[in-house]
Amino acid sequence: MSSWYFRYEGFEPDKEKLREALCTLGNGYFATRGAAPGSVANEVHYPGTYRAGLYDRQGTTINDTTVENEDVVNLPNWLWLTLRVDGRPLDADSTEVLEYTQELDLARGVLSRTMRLRDSQGRETSISERRFVSMASRHLAALQVTVTPLDWSGQIEVVSGVDGRVQNTLVERYRELESQHLEHELTEEIDDECVLLVARTLQSRIRIAEAVRTRFYENGDGIEPERTLEQEEDRIAHKALFDVEEGEAYTIEKVLALFTSRDHAISEAVYDARRTLAHADGFDGLLDAHVVAWDHIWERCGIEVEGRDGTARVVRLYTFHLFQTASSHTLDLDVGIPARGWTGEAYRGHIFWDELFIFPTLVYRFPEVTRSLLMYRYRRLDEARVAAKKAGYAGAMFPWQSGSNGEEETQELHLNPKSGRWTRDDSHRQRHINAAIPYNVWQHFQVTNDRDFLDFYGAELILETARFWGSLAEYDRSRGRYEILGVMGPDEFHEAYPDAEEPGLDNNAYTNVMASWVLWRALDVLEILPEQRRHELLEHLSIGREEIDRWREISQKMFVPFHGDGIISQFEGWEELEELDWKRYREEYDDIHRMDRILEAEGDTPDRYKVSKQADALMLFFLFSAEELTEIFERLGYPWDPEAIPEMIDYYLHRTSHGSTLSSVVHSWILSRRNREGSWHFFYRAVESDVSDIQGGTTPEGIHLGAMAGTVDLLLRCYSGLEARGDVLRLNPSLPDEFSCLSFRVQYRNVWMQVKVTSERLEVAALPGWEKSIDIAYGDETESLAPGRTLEFDLKKQPPTAPKDATRN
Ligand code: BGC
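Q: Help me understand the pairing of strand β28 (residues 739–748), please; the structure alone is not making it clear to me.
A: The side chains of a regular strand alternate between both faces of the sheet. Most of β28 sits out of view: eight of its ten residues are buried. Two strands pair when backbone bridges link them, and strand β21 (residues 303–307) and β28 are joined in this way by five bridges, in the antiparallel orientation. Residue Val 305 lies in a different strand from β28, and its bridge partner there is Leu 742. Pairing of β28 with strand β29 (residues 751–758), which is carried by eight bridges, proceeds in the antiparallel orientation.

Q: So what exactly am I meant to see when it comes to the sheet that holds strand β32 (residues 781–785) here?
A: As a general point, the strands of a sheet are linked pairwise by backbone hydrogen bonds and lie either parallel or antiparallel. Read from one edge of the open sheet, four strands run β26-β27-β31-β32, paired in mixed fashion. Both edges of this open sheet fall to β26 (723–725) and β32, since each of them pairs with a single strand only. Strand-to-strand twist in this sheet, taken as the mean axis angle between neighbours without regard to direction, amounts to 30°. Bridge count for strand β27 (residues 728–731) against strand β31 (residues 774–778) is four bridges, and the pairing is parallel. Each bridged residue has a counterpart across the sheet, and for Val 728 the counterpart in β31 is Asp 775.

Q: Would you explain the site of the ligand in this entry?
A: Close to the ligand lie Ala 339, Tyr 347, Phe 352, Trp 353, Asp 354, Trp 400, Glu 492, Lys 613, Gln 614, Ser 660 and Leu 662, which account for all nearby residues. The separation between an oxygen atom of the ligand and a polar side-chain atom of Asp 354 is 2.6 Å. Between an oxygen atom of the ligand and a side-chain N or O atom of Glu 492, the distance comes to 3.2 Å. The protein chains hide 93% of the 310 Å² of surface that the ligand would expose on its own. In terms of residue class, the shell around the ligand is made up of six nonpolar, two polar and three charged.

Q: Before we go on, may I ask you to explain the sheet that holds β28 in this structure?
A: Reading across from one edge, β21-β28-β29-β30-β33 is the order of the five strands in this open sheet, with antiparallel pairing throughout. Each having just a single partner strand, β21 and β33 (790–794) make up the two edges of the open sheet. Neighbour-to-neighbour, the strand axes of this sheet turn through a mean angle of 10°, independent of strand direction. Across five bridges, the pairing between strand β30 (residues 761–766) and β33 is antiparallel. Looking at the pairing, Val 764 lines up with Leu 791 of β33.

Q: I would appreciate a short explanation of a negative patch on the surface in the present structure.
A: A cluster of acidic residues, Asp 151, Asp 243, Glu 245 and Glu 246, forms a negative patch on the protein surface. Relative to the helices and strands, Asp 243 is located in strand β19 (residues 235–244). The exposed category is assigned to Asp 243, whose relative accessible area is 55%.

Q: Hey, could you run me through the packing of aromatic side chains in this one?
A: Ring pairs (aromatic) are described by centroid distance and by the angle formed between their planes. The tally for this structure, following the rule as stated, stands at 42 aromatic pairs. Judged by centre distance (5.6 Å) and plane angle (90°), the ring pair of Phe 352 and Trp 400 falls under edge-to-face. In this pair, Phe 352 is assigned in the loop between α4 (311–325) and α5 (355–363) and Trp 400 in the loop between α7 (381–390) and β22 (413–416), connecting sequence segments 48 residues apart. Note on Phe 352: relative accessible area 5%, which makes it buried. Residue Trp 400 is classed as buried on the basis of its relative accessible area, which comes to 2%. Between Trp 442 and Phe 445, the ring centres sit 5.6 Å apart and the planes meet at 50°, which makes this aromatic pair tilted.

Q: Can you help me understand helix α16 (residues 626–636) in this one?
A: It helps to recall that an α-helix has 3.6 residues per turn; residues three or four apart then point in one direction. Turning to α16, its buried residues are Ala 626, Glu 628, Leu 629, Ile 632, Phe 633 and Leu 636. Angular distribution of buried residues about the axis of α16 spans 160°; they occupy a single face of the element. A positive phi of about 75° marks Gly 637, the residue just after α16.

Q: Is there a simple way to explain the confidence of the model for the chain in this structure?
A: Scored by pLDDT, the chain comes out at a mean of 95, with 98% of its residues at no less than 70. Below pLDDT 50 for its whole length, residues 801–809 participates in 40 contacts with residues either more than four positions away or in separate chains.

Q: Quick question: what am I supposed to make of the environment of Gly 486 here?
A: Of note, Gly 486 is situated in the loop between β25 (481–483) and α10 (509–528). A sequence separation of 343 residues divides Gly 486 from Leu 143, and the C-alpha atoms of the two residues are 52 Å apart. Dropping the residues within four chain positions of it, Gly 486 is found in contact with Arg 429, Gly 504, Leu 505 and Asp 506.

Q: Would you take a moment to explain the nonpolar core for this structure?
A: As a rule of thumb, nonpolar side chains are buried together in soluble globular proteins. Counting residues in hydrophobic clusters, the biggest one holds 237 residues, and the most contacted among them are Leu 83, Trp 353, Met 619, Phe 633, Met 753 and Ile 776. The dominant element in this core, judged by the number of residues it contributes, is α10, at 13 residues. With near-sequence residues (within four places) excluded, Trp 353 lies in contact with Trp 400, His 432, Ile 433, Ala 436, Pro 490, Tyr 510, Gln 614, Met 619 and Leu 662. Counting residues in hydrophobic clusters, the runner-up holds 21 residues, among them Val 110, Leu 140, Ala 280 and Leu 286.

Q: Explanation requested: the pattern of salt bridges in the structure shown.
A: Side-chain pairs of opposite charge can arise whenever the charged atoms involved come near each other. Taken as a whole and assessed by the stated rule, the structure comprises 69 salt bridges. Ionic pairing is found between Asp 105 and Arg 108, a salt bridge with its closest N-O pair at 3.0 Å. In this structure, Arg 479 engages Glu 572 in a salt bridge whose closest nitrogen and oxygen atoms are separated by 2.4 Å. Residue Arg 479 is found in the loop between β24 (474–476) and β25, and its partner Glu 572 is found in the loop between α12 (545–557) and α13 (582–588); the two are separated by 93 residues along the sequence. The partly exposed category is assigned to Glu 572, whose relative accessible area is 23%.

Q: Just checking my understanding: could you explain the packing of α5 against helix α6 (residues 367–378) for this structure?
A: In a packed pair of helices, the relevant descriptors are the angle between the two axes and the axis-to-axis distance. Where α5 contacts α6, the two axes come as close as 8 Å, and the packing angle between them is 145°. Crossing geometry of α5 relative to α6 is assigned as left-handed. For the pair formed by α5 and α6, the contact residues are Glu 355, Phe 359, Leu 362 and Val 363 on the first element and Pro 367, Val 369, Thr 370, Leu 373, Leu 374 and Arg 377 on the second. Among the residues making up the contact of α5 with α6, the classes are represented as seven nonpolar, one polar and two charged.

Q: Would you mind showing me how to read the side chain of Thr 187 here?
A: With respect to the secondary-structure elements, Thr 187 resides in strand β14 (residues 182–189). Taking relative accessible area as the criterion, Thr 187 reaches 13% and is therefore assigned buried. Polar contacts involving the side chain of Thr 187 include one to the main-chain carbonyl oxygen of Glu 232, which spans 2.9 Å. With near-sequence residues (within four places) excluded, Thr 187 lies in contact with Leu 196, Leu 197, Gln 231, Glu 232, Glu 233, Asp 234, Arg 235 and Ile 236.

Q: Before we go on, may I ask you to explain the pairing of strand β23 (residues 421–424) in this structure?
A: Both β22 and β23 contribute to a ladder of four bridges, which runs antiparallel. Within the sheet, the bridge partner assigned to His 414 lies in β23 and is Thr 423. Remark: four residues form the turn of the hairpin made by β22 and β23, two consecutive strands paired antiparallel; Gly 420 in that turn has positive phi of roughly 80°.

Thresholds, definitions, all that
- Chains are numbered independently. Their residues run from 1 in the order of the written sequence.
- Restriction of local features to residues with pLDDT of at least 70 applies here, the model being predicted, together with a cutoff of 80 or more for giving and counting side-chain atom pairs; totals for whole chains, interfaces and linings are based on all residues.
- As a convention, hydrogens and water are excluded, and side-chain values are obtained from all of the structure's heavy atoms.
- Note on exposure labels: buried denotes an accessible area under 20% of the residue type's maximum, exposed denotes more than 50%, and partly exposed covers the range between, all computed with a 1.4 Å probe on protein chains only.
- A run of H or I in DSSP becomes a helix once it reaches four residues, and a run of E becomes a strand once it reaches two; helices and strands are each numbered from the N terminus.
- We call two strands paired when DSSP finds no fewer than two bridges between them.
- Helix axes are fitted only over the stretch in contact, all axes being lines through C-alpha atoms; the angle between N-to-C directions runs from 0 to 180 degrees.
- Neighbouring residues are identified by heavy atoms, a residue being near a molecule or strand if any of them is within 4 Å of it.
- We define a polar contact as two N or O atoms separated by no more than 3.5 Å, with the added condition that, inside protein, one atom must be a possible hydrogen donor and the other a possible acceptor, whereas residues neighbouring each other in sequence contribute only through side-chain atom pairs.
- Here the Shrake-Rupley method, with its probe set to 1.4 Å, supplies the accessible areas, and only the displayed protein chains count as covering residues.
- Side-chain classes are defined by residue name, with Ala, Val, Leu, Ile, Met, Phe, Trp, Tyr, Cys and Pro counting as nonpolar, Asp, Glu, Lys and Arg as charged, and the others, Gly among them, as polar.
- Surface patches are defined over residues having more than 30% relative accessible area and no salt bridge, joining like charges when they lie within 9 Å and nonpolar side chains (Val, Leu, Ile, Met, Phe, Trp, Tyr) when within 5 Å.
- Every case where a carboxyl oxygen of Asp or Glu lies within 4 Å of a side-chain nitrogen of Lys or Arg is listed as a salt bridge.
- Just so you know, the count uses Lys and Arg for positive and Asp and Glu for negative, and it drops His and the chain ends.
- A single reference atom marks each charge: NZ on Lys, CZ on Arg, CG on Asp, CD on Glu.
- For Phe, Tyr and Trp, where Trp contributes only its six-membered ring, two rings pair if their centres lie within 6.5 Å, and the inter-plane angle classes them as stacked under 30 degrees, edge-to-face over 60, or tilted in between.
- Directions are taken from the helix axis to each C-beta atom, and the arc is the one they span.
- Confidence per residue, as judged by the predictor, is encoded in pLDDT with a range of 0 to 100.
- Contact between two residues is taken to exist if any of their heavy atoms lie within 4.5 Å; hydrogens are not considered.
- Side-chain atoms within 4.5 Å link the members of a nonpolar core, which is a set of buried Ala, Val, Leu, Ile, Met, Phe, Trp, Tyr and Cys residues.
- Working rule for handedness: look at the near helix, and if it is turned counterclockwise from the far one by less than a right angle, call the crossing left-handed; if clockwise, right-handed.

What follows is the structure in structure tokens.
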């Protein structure tokens, strides 16, 4: 199978929701799961359509407490298209399936399904379907269904319209929570071909207009079967009945125009939906433009990898999802990038720190998109300032989970499906999100040198988060160092000390190091801002000399806990926790990824044990190169021996259950230069994580975009050693044995270049463009690269200069 196709053979009801999530089509503005046309939410199917960043907030009472949750809203179902013969449905659920193939064409962004069915009368019919969500026109999508009666003639009934009877019910463990988010405003027949449904979200009061046009063809020629209107308050469709002849092909073509009251460049959602649909081309014309738009994305963002079979295809699928979630249609939408894409309802479409894993794959190809995503944070600075103030801190404290307005959206109660119990959820204490955001701002600046962005927006984000860290850190006299108390690290298994009444842990190493790093960057930002802007910002934010001096001091005197043996402790007191009996749990349970749920169901808690959900302290080796880490620890005044890194990785690796898909990405990365086999094992797990749904049921609820993008990033940055630091773009390739060649395009400071790596050579060719040179470094060599020129390095001659430890460069 070509590595541009993702194909499934056979109809497998129990895999259908997984396929729906993986075959979601989207364009950065909206997305529709790959559900069968005409299917409704049930055990097998879940048609879902989501508009980026469209949320609604509802309350539910559980155990006498009212909890509020904000969800990305499942919108009216435009895929509603049913076929009937003699009153009986003609689809894979209700008839005998003789042949069935579903295929996602990654190059063109088209999902197709072909099947041959035999009904209860023994009549055979072939049905083929194609659909896309236009990458060329953000408000449009199209579906085409062709029916051929193979050995019979008779009548077919088609119903095609928009079904507003939808709720948010995909995720089983959320089903006790309020799932109704829409009220219905209007259904209307626009003309003989088009119908319209208008709904409104209950709390956020966003108006949604979906207008669809249905046309019919016989062997390619338009036909006009008689239609009747099926109109109810919450759904509307045209019903057509027409005669069919054995062996002839009948095509139904449906085009959707979707608008909301939050859109730009509109008069009003309903008005524009009708207008856009009236002007919309037919299926083929729309498809042509859509394919060109995808072509352009692949030209910029394709990664060619030669070697291990199958990897290229999955990496393409993951890249595909990345750009379906964030594309040029995301620009100015005022949305962040959700952990699960817009492919399902798990994590409610919320924005987490996962952006840290996603931004690198975007910033080197679509820097304007990352800028727009950072603006999502910038616009929510005031809310973050309110949160900081309410908690008694200065600056801006961004929420762990963010939705519409930037308030904390982390759920307060969490259902453990293993025990059926609702327990308290303290994961909002993951203050390290306030390091991920400035880290992304800084990376954006390193790659783009976009000074306007830094001046106007980025600097304020860095200074305000630095200020938060500065006020959160407390001085401990006995240590002569600053501490951060009562937080949670990326490892969400640990929420509190064993038997403690209050949640939170002290001196999470990752958090403390990142806080120091943010404070240090804030000092850098103040250095590099032009005098006038620095003055404006300091005055606007009322930052005085004393506060800046305190930042400097904290950045140098932050406490980092170590075990006696030189290993960084995940948090203070970690070494006093009990060892988990891994052998027992492995023997007793088939799947021990979610040790938190297992332990809670046993009446125990992971708080007592040395067991991590995912990389926590080890995140430092993922985010920073060996040189940067040495600088960081030197600045902090801690002895730093890179030779200890492998031991530290082993230490935590043996105590991690990888309950988050992000964990495989991080471990593959940090092992890549010292333990190629181990690294490949995790790379392979990352590749498999969504396509094989390795967490057993989570992917159907929404793909894991952080792990997908992280997998792509392993190819893009980890194996090439790509790093933008200072004013130099560094490359330090080290291909896994499984790959013979890797090539991709990246943009650095307005220069597009083609990078090609084999085990022997590194080639960097700057494409013709703005007349500007950039500096490229490989090992000790730094060379200037002008547009139109190519640099070549002999990898055999000069081996990578990285120490033989585990860090990424
Ligand atoms: C992980 C977090 C992640 C979140 C959303 C959780 O399972 O522990 O690190 O941000 O999923 O992907």
